[in-house]
Amino acid sequence: MQQITAIVRPSKVDAVKEALVAIDVVGLTLTEVRGFGRQKGQVERYRGNEFTVDFLPKVRLSTVVSDDKVETAIAAISEAAHTGVIGDGKIFVTPVSIVVRIRTGERGEAAL
């Protein structure tokens, strides 16, 4: 099993969710976050004043999938979140050794 964590634009959340549901990925956790990458924020103007927004709003999506679905999930997220403009986000994949469903006590793939 692998945990897939994606940092994407807030406007792309629905598209990513629909793409994951279409490939039978169930269970998704969403967290609203703020951060910056290579763009290091952006400069904005308000009433003639210029100011820098250092941390841009992003959404962190996290799901755990079986090993055979990892590449399909990565492709689905990449396609759904892509705009071609700097700041599209990143995908991180980390191994998961144990999953336990609290309600039933199921472990491993059965707990997904």
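This structure is a prediction, so every number in the text was calculated from the model and none was measured.

A.B. asks: Whenever I open this one, the sheet that holds strand β2 (residues 29-35) confuses me. Can you help?
C.D. replies: Two pairing modes exist for strands in a sheet, parallel and antiparallel, and in both the strands are linked by backbone hydrogen bonds. Reading across from one edge, β2-β5-β1-β6 is the order of the four strands in this open sheet, with antiparallel pairing throughout. Edge positions in the sheet fall to β2 and β6 (89-95), since each has one partner strand and no second. Geometrically, the sheet is characterised by an average inter-axis angle of 20° between neighbouring strands, direction not taken into account. Relative to strand β1 (residues 2-8), helix α2 (residues 70-81) is tilted by about 5°, and along the sheet it contacts β1, β5 (56-65) and β6.

A.B. asks: So what exactly am I meant to see when it comes to the environment of Leu112 here?
C.D. replies: Note that Leu112 resides in the segment after β6. Taking relative accessible area as the criterion, Leu112 reaches 33% and is therefore assigned partly exposed. Taking the C-alpha atoms as reference points, Leu112 and Val100, 12 residues apart in sequence, are found 8.4 Å from one another. Setting aside its immediate chain neighbours within four residues, Leu112 contacts Met1, Val26, Val64, Val65, Ser66, Val99 and Arg101.

A.B. asks: Quick question: what am I supposed to make of the packing of helix α1 (residues 13-22) against α2 here?
C.D. replies: Viewed as axis vectors pointing N to C, α1 and α2 meet at an angle of 150°, and their least axial separation amounts to 8 Å. Considering their axes alone, α1 and α2 lie roughly antiparallel with respect to each other. Here the hand of the crossing between α1 and α2 comes out right-handed. When α1 is examined against α2, the residues Ala15, Val16, Ala19 and Leu20 are found in contact with a partner set consisting of Ala73, Ala76, Ile77, Ala80 and Ala81. In the contact of α1 with α2, the residues fall into nine nonpolar, no polar and no charged.

A.B. asks: Sorry if this is basic, but what is going on with the side chain of Asp88 here?
C.D. replies: Mapped onto the elements of the fold, Asp88 is located in the loop between α2 and β6. In this structure the side chain of Asp88 is engaged in a polar contact, spanning 2.3 Å, whose partner is the side chain of Thr83. Leaving out residues up to four positions away in the same chain, Asp88 has contacts with Ile7, Val8, Arg9, Ala81, His82 and Thr83.

About the thresholds
Residues numbered from 1 in each chain as written. Predicted model: local features only at pLDDT ≥ 70, side-chain atom pairs only at ≥ 80, totals over all residues. Heavy atoms only, no water. Pairing = 2+ DSSP bridges. Helix = DSSP H or I, 4+ residues; strand = E, 2+ residues; numbered from the N terminus. Axes fitted to C-alpha atoms, helices over the stretch in contact; angles between N-to-C directions. Contact = heavy atoms within 4.5 Å. Buried < 20%, exposed > 50% of the residue type's maximum accessible area, 1.4 Å probe, protein only. Parallel < 35°, antiparallel > 145°, perpendicular 65-115°, else oblique. Left-handed = near helix turned anticlockwise from the far one by under 90°. Nonpolar A, V, L, I, M, F, W, Y, C, P; charged D, E, K, R; others polar. Polar contact = N/O pair within 3.5 Å; in protein donor to acceptor, adjacent residues only side chain to side chain.

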